[in-house]
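Inside the fold
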Amino acid sequence: MNIVYHGIAVPDMKQLPPDWPGGFFWHWLVFTVIIFTFVFTLVMAFTWVERRGLGRMQSRLGPNRAGPFGILQPVADAIKVLLKEDIVPSRSDRIVHWLAPVVAFFPALLIFAVVPFQNGALLADLDIGILYVVAISSVSTVGIFMAGWGSSNKFSLLGAMRNVAAVVSYEMPLVLAVIGVVLIAGSLSMNQIVLAQDIPLILLQPLGFLIVFIAGCAEINRSPFDLMEADSEIVAGFHTEYSGMKFAMFYLVEYAEALALSAIIATLFLGGWRGPVLPPWLWLVIKVFAVFFLMVWTRTTLPRIRIDQLMALAWKFLFPLALINLAITGLQVVAWPDALPWTMIIVNFAIAAVLIVLWSRLFKVGWGRVEV
Amino acid sequence: MTLKTEPFVVNIGPQHPSTHGVFRLRTTLDGEVIVDVEPIFGYLHRGIEKLAEERTYGGIIPLTDRLDYLASMSNNMGYCMAVEKLAGIEVPERAEYLRVILAELQRIASHLIGVGAFFNDLGAMMTPIVYMIREREKIVDLFEMLCGQRLTYNFMRFGGLSQDIPEEFLPALRKFLDQMPRFIDEYDQLLMDNEIVLARSKDVGVLPAETAINISASGPVLRGSGVKWDIRKADPYSVYDRFEFDIPTGTAGDAYDRYRVKVEEMRQSLRIIEQAVAQLPGGPFRSKVPFLVRPPVGEAYAHIESARGDLGFYLVSDNSIAPYRFHVRAPSLINLTALREMLIGWKVADAIIIFGSIDIVMGEVDR
Amino acid sequence: MTAVLSPRNIADRLEKEFPGSIVSSDDNSFEMNSTFLVPAARFLKDTPGLDFDFLSYITGIDRYDHFELVYHLVSLKHNHSLTFKVRCYGRDNPSAPSLTPVWRGADFQEREIFDLLGVRFEGHPNLKRIVLWEGFDGHPLRKDFLG
């Protein structure tokens, strides 16, 4: 049977996702609109959740003036920041400076092309979905480095350098941990991964979840890895010299990336849109918020680590663990494909706990000075 | 393979989120590593020592508020003690006890900000400092009850205090004393053994004891280096010799020890306040002092252990209503002497926390 | 209690060690000849029994015809203190030897005195203005300074 699905030949899988809502251009238009709405609405919701959440955890109120519970605060922020003067440093590289927020923003938006909101409800059900995500998400770094370079500010440059170093390092454990999921699901397609999750994969891949979460946080500058925009050290990092609308773009990038990471983690590990009773898209949103809440929580709790400690964590802690996790997952998939999931869950949690304890004993992030 | 890199100069400050005011560090960086540092002061220089020569003795008290604006009460106390020493003014016992209570409360308030700001420098996204400002707020409320002010109190006078404590002060203080130890424990639970805090601040910015003494460091910086030296014990002023308390010291002299010393000092301050409240006598809160003090010709030096260290006031009188010379031994400034060698070789991120752990107030550094 | 050592006794010992170093002494402090400042400071710091390892503060006073520098030393070991003074004459270019090589705590304080009173400290490694900017005219803490 030769099935052609949006121009891409789909291999014969256990079930074919419904062509939703049908027709190439309609599909394209509808999902583009949906993705834009989804991203912008959720980014606004994220800023609100983050600020209110931070406020609650810090025993203060957070924004509560604009609208009920301050729910219109993001709108007010957006209006304010868009009306501000756009200041470009006189010695900056103007074109690069102008282009940087755009280059940084689009990859964050492009990731949502492969995030399923429902069975088959996604812009493009690429066979290489997760590979596409990994590839595209790194492109933002170019934009951030352009911002750091183009601003002709030393703080910006330091921040951009840190960002590049972090992304290059953390891409490794991230991808290796994601491969564990791919091995279990048997597909790179995001939709198929969700369909494969009769139980959320976080239960089968607890270590993988942790590695993806940590490495993802490091890639998108979330605390405690926010040292590319470490406000107490390098003022605001790469966006020190940005104001007005361009700053708004970077602000948007930050949260759009957080949203993208939350959506990917929700899709890969938490069963994506699957869930009882509630409509699928709502399940996805709930899971996205759950992951994002975890990020807000770490942000309020943990101080920031140093650049060499960031590197050490990536290469000495996460990378070996990701490799071991991959090897173990591969072994499990090959040797016991029909094992009961519940035994596997217990075994995997035990392995994760043992490995983490072992590595935290073996490896110290390092007190004092580290000569590099 | 060695990469040839070119050092570049970065001005950290005077407008920078973590220079605790308007301080400027002219750093030369090689990548992230600091090659050279030059601290540049003076952005908050108001010429307080010169201004004081033009004011009456009483009129200088508000100026001292503006030195270490996070510990105004201590400044008031040190200055009043210097004038009392110069003019031979007696202080009634009740006033001495109240001064001790206020100075210790002020030390707690100041250390709360010091520790909170240190964690902000560590990058802890406001949480510790907001918690600590919440507690400081209670102390500030207590002070507001006394004098209506929340930052620059201007509360102490020669020979005592400007007014007696209101009757609701002691119950409120009692309540604070009951609550505070629990909060300090809570902060320790959150911060003390945090792996990132340890990784960032242990063995970072080590100031050896000999260097600390040689640069005339004082306060938590000196004690963090393991030197048991506290003016309250070494040269007891006011009624400090009647209280039991310990001097917490560090061992390694790193940023972490300086932070720990501050936290332990808060506990000791609470102990002192407990005892002072229990022993608080009645009687006048101020002795009779003329409105314009005219001390005899001479000079006097009085020093106290303020939140930042050995805060001294040196006064020279020419028997007029204004001092001939008014000098402040500013612990914040002197503690910074070793900053350069403490920073060189560390990364930018470390520089910020080493600087933060010294805990300076620009009002006192620049005067 | 920090014991205040009798300035007269210390002055006598210094006079014995460095003849001609003491100008006068009274119950509160003694006055030293500035040429002997650095060796005398080393003597006070290193002599067992004195061990003045902590330079508490330095300040300067403008006495119109001369500048008076006040040094306050403390020994953390024996918990005793000592105050002494040094005069430097001349309004155009008064100078005194720097104590920074002995106690590094003198560094910023000497710079401050240089900045505000205009006393030069010979041998100071980095004698620059500290609170005012380079090129500021005059020294504000002098009594004849008119802002």
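A short tour of the structure in this document, coming up. Predicted model only: the values in this text are computed from it and were never measured.

Turning next to the overall build of chain A. Along the backbone of chain A there are 14 helices and two strands. Put simply, chain A has 372 residues, and 53% of those count as buried. For chain A, the proportion of contacts with a sequence separation of at least 24, taken over those separated by at least 6, is 77%. Carbon and sulfur atoms make up 74% of the accessible area of chain A, which totals about 16300 Å².

A few words on the pairing of strand E6 (residues 298-306) of chain B. Residues and elements named next belong to chain B. Of all nine residues in E6, seven are buried, a share of seventy percent or more. Sheet analysis places E6 next to strand E7 (residues 309-317), joined by nine bridges and oriented antiparallel. By the bridge assignment for E7, Ser306 is matched with Gly309. Joining the antiparallel neighbours E6 and E7 is a turn of two residues.

Residue and element names in this part refer to chain B. Counting buried residues along strand E2 (residues 24-30), five of its seven residues qualify, which places the element largely inside the surrounding structure. Looking at chain direction, E2 and strand E3 (residues 33-40) are connected through seven bridges and run antiparallel. Pairing of Leu29 across the sheet is with Ile34, part of E3. Where E2 hands over to E3, the hairpin turn is made up of two residues, of which Gly31 adopts a positive phi near 70 degrees.

Quick look at the interface of chain A and chain B now. Reports often express the size of an interface as the amount of accessible area lost when the parts come together. In this assembly, 33 residues from chain A lie in contact with 41 residues from chain B. Across the interface of chain A and chain B, roughly 3100 Å² is buried in total on both sides, 60% from carbon and sulfur atoms. The interface formed by chain A and chain B holds three salt bridges in total. The partner of Arg306 of chain A in a salt bridge is Asp350 of chain B, and the shortest N-O contact between them spans 2.8 Å. Between the two partners, chain A and chain B, sit 10 residue pairs in polar contact (both at pLDDT 80 or more). Those elements that place two or more of their residues in the side of chain A that touches chain B are helix H1 (24-57), helix H6 (154-185), helix H10 (231-234), helix H12 (280-301) and helix H13 (307-335) of chain A. Class assignment of the residues belonging to the side of chain A that touches chain B gives a composition of 15 nonpolar, eight polar and 10 charged.

What counts and how
- One numbering rule holds for all chains: residues counted from 1, following each sequence as written.
- Numbering of ligands from 1 and lettering of chains from A proceed in the order in which they are written.
- Totals for whole chains, interfaces and linings use all residues, but because this is a predicted model, local features are given only for residues with pLDDT of at least 70 and pairs of side-chain atoms are given and counted only at 80 or more.
- Hydrogens and water molecules were not included; the side-chain quantities draw on all heavy atoms of the structure.
- Here a helix means four or more residues in a row that DSSP labels H or I, a strand means two or more in a row labelled E, and each is numbered from the N terminus.
- Only protein chains enter the accessibility calculation, which uses a 1.4 Å probe. A residue is then buried if its area is under 20% of the maximum for its type, exposed if over 50%, and partly exposed in between.
- Contacts are assigned to residue pairs that have any heavy atoms within 4.5 Å of one another.
- The Shrake-Rupley method, run with a 1.4 Å probe sphere, supplies the accessible areas, and residue values consider only the shown protein chains as cover.
- If DSSP finds at least two bridges between two strands, the strands pair.
- Buried area is a sum: the accessible area each of two parts loses on coming together, probed at 1.4 Å, counted once for each and added.
- Put simply, a salt bridge is a Lys or Arg side-chain nitrogen that is within 4 Å of an Asp or Glu carboxyl oxygen.
- Counted as a polar contact is a pair of N or O atoms within 3.5 Å, where, for protein atoms, one must be capable of donating a hydrogen and the other of accepting one, and residues adjacent in sequence contribute only when both atoms are in side chains.
- Basically, the charged four are Asp, Glu, Lys and Arg, the nonpolar ten are Ala, Val, Leu, Ile, Met, Phe, Trp, Tyr, Cys and Pro, and anything else, Gly included, counts as polar.

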